[in-house]
Amino acid sequence: MQGGEATHRMSSRILVFLVALVLVFAGCAGSAWRQARSEDTVAAYHGFLREYPDTTFSEEARARLELARVKQRPTRKAFEAFSEKYGNPELIEELRPHLEETYFGHARSLGTAAAYRDFLEDYSSGRFANRARGNAAYLEQSGYSGDVVALEDFVDEYPESDYSAEAARTVSAVAASRRTRFDRIGLVIDVDPGVPGGERVARVFRDRAVAAYSGTGLEVVALAGPEQASRVGVPAVLEIRHEETETSTELERGKVTEPGVLASTRVTLRRIDETVPIWTDTFAYHAPLSAKRADRSILFGPGSHSSYWAELDGEFFVPVARWSTQLTVREPWSLSKPAVAVEVVGGRAVVLFGDGDFEVLGLSDPAQPVRIGEYRRPRDLATFSGVAMDGAQVVVFGPEGAEVVLLAGEQTRRIAAFGRETIGSVSDVVRLGDAWLAATNRGLLRLGKTPADVRVLVPRPILGMARVSGDRVAFADGISLYTATRAQLENGRIGSELRMGRGFHPRNVRAHGDGTSAVVLGARDAVWVDLRGAKPRLRSRIGGNESGRVHDAAVVGGRLFLLGPRGLQVADRSGEKIVDSVDVETRSRIDVSGRHLVMIGERSLQVVDATPFLASGSAPAAR
């Protein structure tokens, strides 16, 4: 009995001790847990689990450890992985506010009304909610299509929207287009007395200026000097100043220039009540000393016609404007390296570089573009010249073929590649239905998921292509412009043909907006084609003698815009006469974002608001 009682007493003491130990341990764990919760950091939870890996708090500690890590680096991928792994509604709701900025950034990267509406389903009362509502409203109304009254109302209702600042600028620019419009322009020709045959030079400059302004509705008034403008009631002055000087041997751009004669012509167009000119440029022509004559300017010597006076690629031209068009231009956005192409969808612009890299810029405020994505292609010697975007897919293409990239934030990656050996050299790519079509030197091709899925739809070289209305594409083969639906192409047929001829040599096809018209660029001229009927119909033609060399073109609101060495030129409503010019830095490629023109130069992107040109037709002229 005594032994049994002793054993029982010993067991009781051990049990009491163990219970006490458990209570002490639990108390310590509880205290440590409260401390970890108060700190709420990765280090705190990690330390707790190291000391107390198996307590009633451990499971929550592991979840909160992961929660704290996601809070430190709140990405969509991390949030989705956490939600799937733990599924705790309380923890998910605690984490959600930390992801608001990330998800708003994702909506901006997609740049669609639907993306902002999806964002608002989770963050209807968050700090970005009003901004998202304004963005969605703006995109749902197609940027209000240049409706100035609607834009004014939008600015009042959604001041926090990313589009509000530019909407206010548009309202101001339309008012300025009416206020600064003029119907008379003074012409001042100032040829330095030392220029041989100066009278002839002045006469040719005068004739060129009068010819440029004929048909614009402006009266050209000859003036002795710019100071005379206000006295005769002329609101704007076109001033052409010319001089010729001898030059010595110099090292210029890595080349040695021999002694010669330099002709320099400064052209300035301005309103007399404004300090910033509408346009200013300097044209130069260099000739050897042997070309100098006592009775003749070097502008009329051998070689001068092709270099200085030529209609297509000559140095000299007269800029045309009827109001202060510089007010439509936003400051250039510097790019990291030389750009070769731009594609705009909604408020997003994809800028392609020659090595296949690209950047995605948000253009809700064109004065302050926002870099919202990028892609860095693996380095090799491949070169690219064009880019196309549809939703989250971007295709880069050029002489080496085409590659498809999926935009997915930090997971952006190439998902397909079609080498030159498979599809040849690519001039254009468009999305039609669920497939990408490629215009190549091997024909018009339908790209599949892999190179093995590529199918030839039109078996002859295609030089240019664009998507147009009615689920169709328009494409050119160097002789004609064709239109066809995908179903027709799949069945080996073409819908219609507009023969343009080898002399015109149609090469580039550009369509924007509703796709009911397209601009076809030829070797010298630009043709505007109406695509509303069953067969393409010629609407207008602007020759190189009128526009100079054209690099790219766009149609916005029924107006034709041409881009080239002469800057941005605007045709009249018939599309047959240049009636306005905009002095832009970017003169290589152009695309359209709603009522805006988006252009790239070598190392910059620039935006021009087209709205004032669309609204200026009925504007009264200032006198």
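Here the structure is a predicted model, which is why all the values come from computation and not from measurement.

**Student:** Which parts of the structure should I look at to understand the overall build of the chain?
**Tutor:** Scanning the chain from N- to C-terminus turns up 17 helices and 35 strands. Relative to its length of 623 residues, the chain is extended, with a C-alpha radius of gyration of 33 Å against a globular reference of 25 Å. In terms of overall dimensions, the chain has a C-alpha envelope of 145 × 60 × 55 Å along the principal axes. Split into buried and exposed, the 623 residues of the chain put 52% on the buried side. Sequence-distant contacts in the chain: of pairs separated by 6 or more residues, those separated by 24 or more amount to 52%. Accessible area of the chain: about 28,600 Å², with a carbon and sulfur share of 50%. Across the chain, the centroid of the 79 positively charged side chains sits 4 Å from that of the 81 negatively charged ones.

**Student:** Looking at this model, I keep getting lost on the packing of helix H6 (residues 100-110) against helix H7 (residues 113-122). Mind explaining?
**Tutor:** The angle between the axes and the distance between the axes are what describe a pair of packed helices. Relative orientation of the contacting elements H6 and H7 amounts to 165°, with a least axis distance of 7 Å. Relative to H7, the element H6 is oriented roughly antiparallel. Like other packed secondary-structure pairs, H6 and H7 cross with a definite hand, here right-handed. Where H6 abuts H7, its residues Glu-100, Tyr-103, Phe-104, Ala-107, Arg-108 and Leu-110 lie against Ala-115, Tyr-116 and Phe-119. Per-class residue counts for the contact of H6 with H7 are seven nonpolar, no polar and two charged.

**Student:** Please explain the packing of aromatic side chains as it appears in this structure.
**Tutor:** Ring pairs (aromatic) are described by centroid distance and by the angle formed between their planes. The full count for this structure, using the stated rule, is 21 aromatic pairs. Ring geometry for Phe-154 versus Tyr-158: centroids 5.6 Å apart, planes at 45°, classification tilted. Of the two residues examined, Phe-154 and Tyr-158, each falls in the buried class. Between the aromatic rings of Trp-309 and Phe-316, the centroid separation amounts to 5.7 Å while the plane-to-plane angle is 70°, which identifies the pairing as edge-to-face. In this structure Trp-309 comes out as buried when scored by relative accessible area, which is 5%.

**Student:** Can you walk me through the pattern of salt bridges in this structure?
**Tutor:** Where charged atoms of side chains with opposite charge meet at close range, the side chains can pair. Counted under the stated rule, the structure contains 41 salt bridges. With its nearest N and O atoms 3.0 Å apart, the salt bridge here joins Arg-379 to Asp-357. Taken together, the residues Arg-379 in the loop between strand S12 (370-375) and strand S13 (386-390) and Asp-357 in the loop between strand S10 (348-353) and strand S11 (358-362) connect sequence positions 22 residues apart. Across the pair Arg-486 and Glu-490 runs a salt bridge whose closest N-O atoms are separated by 3.3 Å. You can see Arg-486 and its partner Glu-490 sitting in helix H15 (residues 486-490), four residues apart, about one turn around the helix. The residues Arg-486 and Glu-490 share a single accessibility class, namely buried. Several salt bridges converge on common partners, so that one network encompasses Glu-166, Arg-169, Arg-330, Asp-365, Arg-595 and Asp-609.

**Student:** What's the story with helix H11 (residues 198-213) in this structure? I'm lost.
**Tutor:** An α-helical turn contains 3.6 residues, so a residue and the one three or four places further along point in the same direction. For H11, spanning 16 residues, the distance from its first C-alpha to its last is 23 Å, which sits close to the expected 22 Å at 1.5 Å a residue. Listed in full, the buried residues belonging to H11 are Gly-198, Val-201, Ala-202, Phe-205, Ala-209, Ala-212 and Tyr-213. One side of H11 carries all its buried residues, which in axial view fall inside an arc of 95°. Looking at the residues trailing H11, positive phi occurs at Gly-215, about 85°.

**Student:** Looking at this structure, I do not really get the pairing of strand S15 (residues 401-406). What am I missing?
**Tutor:** Along any regular strand the residues' side chains alternate between the sheet's two faces. The buried fraction of S15 is high, at five of six residues. As paired strands, strand S14 (residues 393-398) and S15 are joined by six bridges and run antiparallel to one another. Each residue of the ladder has a partner; that of Val-395, found in S15, is Val-404. Connecting the antiparallel pair S14 and S15 is a turn made up of two residues. Note that S15 and strand S16 (residues 413-419) share six bridges and pair antiparallel.

What counts, and at which threshold
- Residues numbered from 1 in each chain as written.
- Predicted model: local features only at pLDDT ≥ 70, side-chain atom pairs only at ≥ 80, totals over all residues.
- Heavy atoms only, no water.
- Helix = DSSP H or I, 4+ residues; strand = E, 2+ residues; numbered from the N terminus.
- Rg over C-alpha atoms; globule rule 2.2 N^0.38 Å.
- Buried < 20%, exposed > 50% of the residue type's maximum accessible area, 1.4 Å probe, protein only.
- Contact = heavy atoms within 4.5 Å.
- Areas by Shrake-Rupley, 256 points an atom, 1.4 Å probe, with all protein chains shown as cover.
- Lys, Arg positive; Asp, Glu negative; His and termini not counted.
- Charge placed at Lys NZ, Arg CZ, Asp CG, Glu CD.
- Axes fitted to C-alpha atoms, helices over the stretch in contact; angles between N-to-C directions.
- Parallel < 35°, antiparallel > 145°, perpendicular 65-115°, else oblique.
- Left-handed = near helix turned anticlockwise from the far one by under 90°.
- Nonpolar A, V, L, I, M, F, W, Y, C, P; charged D, E, K, R; others polar.
- Phe/Tyr/Trp six-rings, centres within 6.5 Å; stacked < 30°, edge-to-face > 60°.
- Salt bridge = Lys/Arg side-chain N within 4 Å of Asp/Glu carboxyl O.
- Expected span 1.5 Å × (residues − 1).
- Arc of directions from axis to C-beta.
- Pairing = 2+ DSSP bridges.

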